[in-house]
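One letter stands for each residue in the lines below.
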Amino acid sequence: MDSPPLFCVKMRASAGGAHVSGAERVVPAAAVPAALAALGARALAHPKGTPDDIRLRVEPAGEILRVPALPVVLERTATAAEGMARAAELLAADGVSRVPEIMALFRETYAMRGAMLLDADTLERLEPDRARGVRATRMDAAEPAAADAGAKNHFREALVLASKVQAAPGIVAEICVSDDPDYVTGYVASKSLGYRRIATIKERGDPSGGRIFLFRGPRSLVPDCIRFLQEQTVLVEGVPWTP
Ligand code: WAQ
Ligand code: MG
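A few points on the structure. (Residues numbered from 1 in each chain as written. Chains lettered and ligands numbered in written order. Predicted model: local features only at pLDDT ≥ 70, side-chain atom pairs only at ≥ 80, totals over all residues. Heavy atoms only, no water.)

Each regular strand carries side chains that alternate between the two faces of the sheet. Counting buried residues along strand E9 (residues 186–190), 5 of its 5 residues qualify, which places the element largely inside the surrounding structure. Going residue by residue along E9, you find Gly186, Val188 and Ser190 tucked away on one face and Tyr187 and Ala189 tucked away on the opposite face as well. Here strand E8 (residues 171–177) runs beside E9; their pairing, made up of 3 bridges, is antiparallel. Along E9, the bridge assignment pairs Glu174 with Ala189. Across 5 bridges, E9 lies against strand E10 (residues 194–198) in antiparallel orientation. Considered in E10, the bridge of Val188 is made with Arg196. Once E9 ends, the chain turns through 3 residues before running back antiparallel as E10. (Buried < 20%, exposed > 50% of the residue type's maximum accessible area, 1.4 Å probe, protein only. Helix = DSSP H or I, 4+ residues; strand = E, 2+ residues; numbered from the N terminus. Pairing = 2+ DSSP bridges.)

Now for the pairing of strand E12 (residues 233–237). The element E12 is extensively covered by neighbouring structure, given that 4 of its 5 residues are classed as buried. Across 5 bridges, the pairing between strand E4 (residues 64–68) and E12 is parallel. Bridge assignment links Arg66 to a residue of E12, and that residue is Leu235.

In this structure the tally under the stated criterion is 18 salt bridges. In this structure, Arg25 and Asp140 form a salt bridge, with 2.8 Å as the shortest nitrogen-oxygen distance. Taken together, the residues Arg25 in strand E2 (residues 18–28) and Asp140 in strand E7 (residues 139–141) connect sequence positions 115 residues apart. Look at Arg25 and you get buried, because its relative accessible area is 12%. Salt-bridge contacts for Glu108 lead to Arg125; the nearest nitrogen and oxygen are separated by 3.6 Å. (Salt bridge = Lys/Arg side-chain N within 4 Å of Asp/Glu carboxyl O.)

Pairing is parallel in the open sheet, where 3 strands are placed in the order E4-E12-E7. What marks the edges here is a single partner per strand, and that holds for E4 and E7. Taking the axes of each pair of neighbouring strands and ignoring which way they run, one obtains an average angle of 25 degrees across the sheet. In terms of strand pairing, E7 meets E12 through 3 bridges, oriented parallel. Bridge pairing in E12 links Met139 to Val234. Against the sheet, helix H4 (residues 154–165) touches E4, E7 and E12, its axis set at about 125 degrees to E7. (Axes fitted to C-alpha atoms, helices over the stretch in contact; angles between N-to-C directions. Contact = heavy atoms within 4.5 Å.)

Below you can see the structure in the form of structure tokens.
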């Protein structure tokens, strides 16, 4: 059975050249105008500030890969210190050593629009552009959100991203802290851990945040990994509405 062709709709907003927000959908042609309107509204209402440049872009989605959502587990933490410690503990149990050094690199991810791509063992940075980082794009939940889904659903969008990222060649784990000042929940993810939501991973009011993708494998695999993250359209199946 042929389904209608899909389109990637992307929004990117910046102020004074600095990244403010970005979001995307993968939708059939008939839903493109509504997706553009919803993402445009979001760009104008971001807690990080009013942008002076908003870019909306529509591209054919091409060949689609479907992957299952990672299973979700809540880790109850009450403070940023406890959350960071829990994240470190989970990663260590999953075979990632040098976790304190990796967590220290979060200080450098603040201004990045994408994620740091880090060799999990040597801690060498693998992003072609270190100021920008690597962005995972061209992804959405397979079961479509209402066209005007409105405000950002941090959980759903993060689970979609994390599920795509763990399907990328060479990726072994991810750590994420939101850059929204009032969003204190973060996560660590891997194929074996699933999506571990960490209830509190930063202090309320802290505008810093970032993502680190941990890679393990030969250098020759890095371009495949980056190509998958940036170019392969992925629909994630079974993404719940709420955690
Ligand atoms: N690809 C790579 N890195 C990204 C991307 C992307 N598409 N989007 C954002 N980042 C990086 C960038 O450095 C941001 O500063 C940082 O991640 C945080 O992005 O279950 O809201 O969009 O409730 O602020 C976690 C949800 C929410 C936890 C994470 O991230 C839960 C969030 P934000
Ligand atoms: Mg944000």
